[in-house]
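Okay, here's what each chain looks like letter by letter:
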Amino acid sequence: METLKEEIQKKIAKRTIKITGAEAVIKCLLAEGVDLAYGYPGGAIMPVYDEIYKYQDQFHHVLTRHEQGAIHAAQGFARVTGKVGMVFATSGPGATNLVTGIADAQIDSTPLVCITGQVGSHLLGSDAFQETDIIGISTPVTKWNYQITKASEIPEVIAKAFYIAKTGRPGPVLIDITKDAQFGELDFSYKKCEKVRSYRAVPKLNIEKVKEAAELINAAKKPFIVWGQGVILGGAEQDFKNFIEKTNIPSACTGLGLSALETTHPLHVGMVGMHGNYAPNVLTNSCDVLIAIGMRFDDRVTGNLATYAKQAKVIHFDIDPAEIDKNVKTDIAVIADVKESLTKIMKYVNKAEHKEWMQEFHKLYDVEHKTVIYDQLNPTKDGLTMGEVLGGINKETNGDAIIVSDVGQHQMFAWRYADFNKTRSNVTSGGLGTMGFALPASIGAKMGAPDREVVAIIGDGGYQMTCNELGTILQTKAAVKIVVLNNSYLGMVRQWQELFFDKRYASTEMISPNFVKLAEAYDIEAVRVSKREDLASAIKTMMASKEAFFLEVVIEQEDNVFPMIPTGASVSDIRLS
């Protein structure tokens, strides 16, 4: 029988209290374990911000300089912690300024909850000041969205939002709350969501498919694994490592899969894709069994689908049934949580050796090293290369830093040349390719992992899209290390213009401000390097700093990233120059 004390505690737990909808929002977030959010206030969300002020001893809000900065910061936080990132914005332009980041989070499977304010419910549809149909706008790029018009809806909807955002294949959720719902009162109680009708977060594992996959793997002479971010999202890094070490299968990653396995692991044969490594791209069309784990066969990975791995049997491990057969026809699909799948298959796969097959990867790696990699890391030309900058950062960080890359040539160089020894160390905009991502995302990453070094690798073009977030660094003292690789061009576009448009550099040359003075205006120590003899000491000084630091490196203007698979070409037609 229950004691009197236990009976009283249960009654207290069930007791409701009457509060405003705005206060309910904060109480719900605290109940979900959220104590940090990014955002920008405005009229329609002001009641919630008034409650943030009252709860500031429990709930920390970071004022960014733009709503896009807020959502990218939340993405950076979510990517390094595995937690749900939290964002606030007001109605109209405040809400629409989140859309790029929401779309980015959707395609890269980043868990976010975005709460936007909205005009009063009696004004909906009237084109009131700063009214925008953010539900209609965000529907294609959210995992789920909902508009709250009554205060009483807030606890249940927020609980559902967090459950959907973080379970299964993660993604962004948006809740739009009318102003009268924020002011309205409700009898508050909160219960975390544990299931949603018609939504199955994790498909049930079919053990027969696991056995079929194991049988095919055991019979393979030239098996090849391509893994993606799903390994990280599923917390299956060690399970994946156990699997490849038992089977001794050469394994390559997608861009977002980087850091699930340490760069130096002997079975890590590089990265696939448009600017990936030579060996894994070429030998994709030589393997007899292709094992895809937590990846979605993006077009940048596959090249021409008509010629992609047609000789191979394909096994696809994924949590999302929508990815099966979407781009590449699968022979065996194991649809389940990847951690569960990899744990189960260990019982059925044989200990194996594939020495001759692995030797083919080593031979092609030697070709790439002699023709591309060595020249990047040990250049003889006067101009600095992006590869040698990344090599210098590796020496100072030993591959333990979180690398946050923007979008462009520098991103590809970061993926190819940065060393990753720890999981959740590669933060980038993969599927959407959002320029301006890295600076705000690095702020969120540093707040999510304050004990780790966070280095943002950014091009001069992308940097100028969100460099206003230096103000957020000034206010928060986030000790991020900012490296701008400046070639005075929109480098990736310029490379394509050089190779495929007869060097017609249309609107890609860029005149930039004095980046050092700009950083110093925000009280950030800054250095500019243009000579090779100054590079190592500048990187050393940057990494030794306990505060934010800005380093601009002037790069050879026509330094291209190779290898490269031209658009529409087969992965085996990858170019080394």
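Description of the structure in this document. Everything numeric here is computed off the predicted structure, so don't read it as measured data.

Parameters at a glance
- Residues numbered from 1 in each chain as written.
- Predicted model: local features only at pLDDT ≥ 70, side-chain atom pairs only at ≥ 80, totals over all residues.
- Heavy atoms only, no water.
- Axes fitted to C-alpha atoms, helices over the stretch in contact; angles between N-to-C directions.
- Helix = DSSP H or I, 4+ residues; strand = E, 2+ residues; numbered from the N terminus.
- Parallel < 35°, antiparallel > 145°, perpendicular 65-115°, else oblique.
- Left-handed = near helix turned anticlockwise from the far one by under 90°.
- Contact = heavy atoms within 4.5 Å.
- Nonpolar A, V, L, I, M, F, W, Y, C, P; charged D, E, K, R; others polar.
- Phe/Tyr/Trp six-rings, centres within 6.5 Å; stacked < 30°, edge-to-face > 60°.
- Buried < 20%, exposed > 50% of the residue type's maximum accessible area, 1.4 Å probe, protein only.
- Pairing = 2+ DSSP bridges.

Observations regarding the packing of helix α17 (residues 386–397) against helix α18 (residues 409–417)
Next up, step 1: One can describe the packing of α17 onto α18 by two numbers: an axis separation of 9 Å at closest approach and a directional angle of 45 degrees. Classified by the angle their axes make, α17 and α18 are oblique. Seen from above, α17 lies across α18 with right-handed handedness. Facing α17, whose interface residues are M386, G387, L390 and N394, α18 presents Q409, H410, F413, A414 and Y417.
Next up, step 2: Each residue belonging to the contact of α17 with α18 can be placed in one class, and the counts come to 5 nonpolar, 4 polar and no charged.

Considering the packing of aromatic side chains
Next up, step 1: Tallying each qualifying case throughout the model produces 14 aromatic pairs.
Next up, step 2: A centroid spacing of 5.0 Å and a plane angle of 80 degrees characterise the contact between W357 and F361, whose relative ring orientation is edge-to-face. With W357 and F361 both in helix α16 (residues 355–377) and 4 residues apart, the pair spans about one turn of that helix. Per residue, the accessibility class of W357 equals that of F361, and both read buried.
Next up, step 3: Linked through ring pairs, Y49, F59 and F88 together constitute an aromatic cluster.

Points about the sheet that holds strand β18 (residues 481–486)
Next up, step 1: Spatially, the 6 strands line up as an open sheet ordered β16-β15-β17-β18-β20-β19, and their pairing is parallel. Since the sheet does not close on itself, it has two edges, and those belong to β16 (426–428) and β19 (525–529), each with one partner. Across the sheet, the mean angle from the axis of one strand to that of its neighbour is 20 degrees, orientation sign disregarded.
Next up, step 2: With 5 bridges connecting them, strand β17 (residues 454–459) and β18 associate as parallel partners.

Notes on the environment of D559
Next up, step 1: Looking at the secondary structure, you find D559 in the segment after β20 (549–554).
Next up, step 2: By relative accessible area, which is 2% here, D559 ends up buried.
Next up, step 3: Taking C-alpha positions, D559 is 37 Å from H354, a pair spaced 205 residues apart along the chain.
Next up, step 4: When residues no more than four places from it in sequence are discounted, the contact partners of D559 are Q376, K381, T385, M386, Q409, F413 and R494.

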